[in-house]
Amino acid sequence: SPSYQNQIINAVKLFYSKELKSNLNIEEIERPLRRKALPKVLAKATIQEMLSGISNLKHKTTLTLVYGLGLRRSEIIHMKLSDIDFERKVVMIIDGKGGYDRTLPLSDKLINLIKQLIASEKPKQYLIEGMHRGKPYSVTSLTKIFDKYLEKVIGKNKFTPHSLRHSYATHLMEAGVDLRYIQELLGHKSSKTTEIYTHVSMKSLSNIKNPTDD
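Residues numbered from 1 in each chain as written. Predicted model: local features only at pLDDT ≥ 70, side-chain atom pairs only at ≥ 80, totals over all residues. Heavy atoms only, no water.

J.: What is the right way to look at the overall build of the protein in this model?
T.: Counting secondary structure elements, the protein contains nine helices and three strands. Listing the helices and strands of the protein from first to last along the sequence gives α-α-α-α-β-β-β-α-α-α-α-α. Overall size of the protein, expressed as C-alpha extent along the three principal axes, is 60 × 60 × 35 Å. Of all 214 residues assigned to the protein, the portion counted as buried reaches 35%. (Helix = DSSP H or I, 4+ residues; strand = E, 2+ residues; numbered from the N terminus. Buried < 20%, exposed > 50% of the residue type's maximum accessible area, 1.4 Å probe, protein only.)

Structure (structure tokens):
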């Protein structure tokens, strides 16, 4: 892949610099162009149908939080009970990607769902625990439940749990939320990373009159 080729080029450059004490003119090496793939986004109605069809409380809470907070897989899996502040209605995401912490607001609906799960499952350390109490849920299990419930709605597909995070960001943008706030909620270091969602948001594009309408 282009990203792997770039990693190799960077490794060669580092090898020359650190081991051979020589500067390699990296500009003479042709770098592959990265394909700019757009995020895969699910429709709101599809997500609603999927979540409303889940009877298992742990599965429902897990996927609802991933979408409702725009979480990465590692962030939902490693969310601890101590990270949740019901008084302030926030959850702390500790040591997210890039080593950044951030605070996310919790809606009343999400708080209610979390409290139901805690009362039912009585987790010891992590909000979403696996087979053994005190141990976090696995990435594999998260992927499996996502695939299982989404397939019931739209059949075989190429979406992943990360598509819920992409959908969260896109739906916020379509609702008119400022890009800077979305950047903060997602934990992006650079606004350029968040700007990719402007390419998948249909809010402005849908207002363009199609010539077939005439």
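There is more to say after this.
J.: It is not clear to me how the sheet that holds strand β1 (residues 84-85) should be interpreted in this structure. Could you clarify?
T.: Strand order in the open sheet made by the three strands is β1-β2-β3, with antiparallel pairing throughout. Every interior strand has two partners, whereas the edge strands, β1 and β3 (102-105), have only one. (Pairing = 2+ DSSP bridges.)

J.: What's the story with the pattern of salt bridges in this structure? I'm lost.
T.: A pair can form between side chains of opposite charge whenever their charged atoms are brought close. Under the counting rule described, the total for this entry stands at five salt bridges. Two residues, Arg72 and Glu75, come together in a salt bridge whose shortest N-O distance is 2.7 Å. Side by side, Arg72 and Glu75 carry an identical accessibility label, which is buried. In this structure, Glu151 engages Lys156 in a salt bridge whose closest nitrogen and oxygen atoms are separated by 3.9 Å. (Salt bridge = Lys/Arg side-chain N within 4 Å of Asp/Glu carboxyl O.)

J.: Can you walk me through the pairing of β3 in this structure?
T.: Every regular strand shows the same layout, with side chains that alternate between the two sheet faces. Side chains of β3 alternate between two faces, with Arg102 and Leu104 buried and Thr103 and Pro105 left unburied. Here strand β2 (residues 90-93) pairs with β3 via four bridges, running antiparallel. Each residue of the ladder has a partner; that of Val91, found in β3, is Leu104.

J.: Would you mind showing me how to read the packing of aromatic side chains here?
T.: The full count for this structure, using the stated rule, is one aromatic pair. Pairing Phe15 with Tyr16 gives two aromatic rings, centres 6.4 Å apart and planes at 80 degrees, and the pair type is edge-to-face. Classification of Phe15 as partly exposed rests on a relative accessible area of 44%. When the ring centre of Phe86 is taken as origin, the NZ or CZ atom of Lys115, which lies over that ring, is 5.1 Å away. (Phe/Tyr/Trp six-rings, centres within 6.5 Å; stacked < 30°, edge-to-face > 60°. Lys NZ or Arg CZ within 6 Å of the ring centre and 35° of its normal.)

J.: Please clarify how the layout of surface pockets should be interpreted in this entry.
T.: By volume, the largest pocket amounts to about 480 Å³. Taken together, 22 residues line the largest pocket, and the ones lying closest to its centre are Lys97, His162, His166, Thr193 and Tyr197. Per-element accounting of the lining of the largest pocket gives the leading share, four residues, to helix α7 (residues 162-174). Partitioning the lining of the largest pocket into residue classes produces six nonpolar, nine polar and seven charged. At the level of elements, α2 (44-52), α3 (57-69) and α5 (108-121) are the ones that each hand at least two residues to the lining of the second largest pocket. (1 Å grid on protein atoms, 1.4 Å probe; cavity = no way out; pocket = protein on both sides within 12 Å on 5 of 7 lines; lining within 4 Å. Points joined across faces, edges and corners; volume = space filled by probe spheres on them. Nonpolar A, V, L, I, M, F, W, Y, C, P; charged D, E, K, R; others polar.)

J.: I tried to follow the confidence of the model for the protein on my own but got confused; where do I start?
T.: The predicted coordinates ought not to be read in detail in places where the model reports low pLDDT. Taken as a whole, the protein shows an average pLDDT of 91; of its residues, 97% reach a score of 70 or greater. When mean pLDDT is compared element by element in the protein, α3 scores highest at 98, while helix α9 (residues 191-194) scores lowest at 85. (pLDDT = per-residue confidence, 0-100.)

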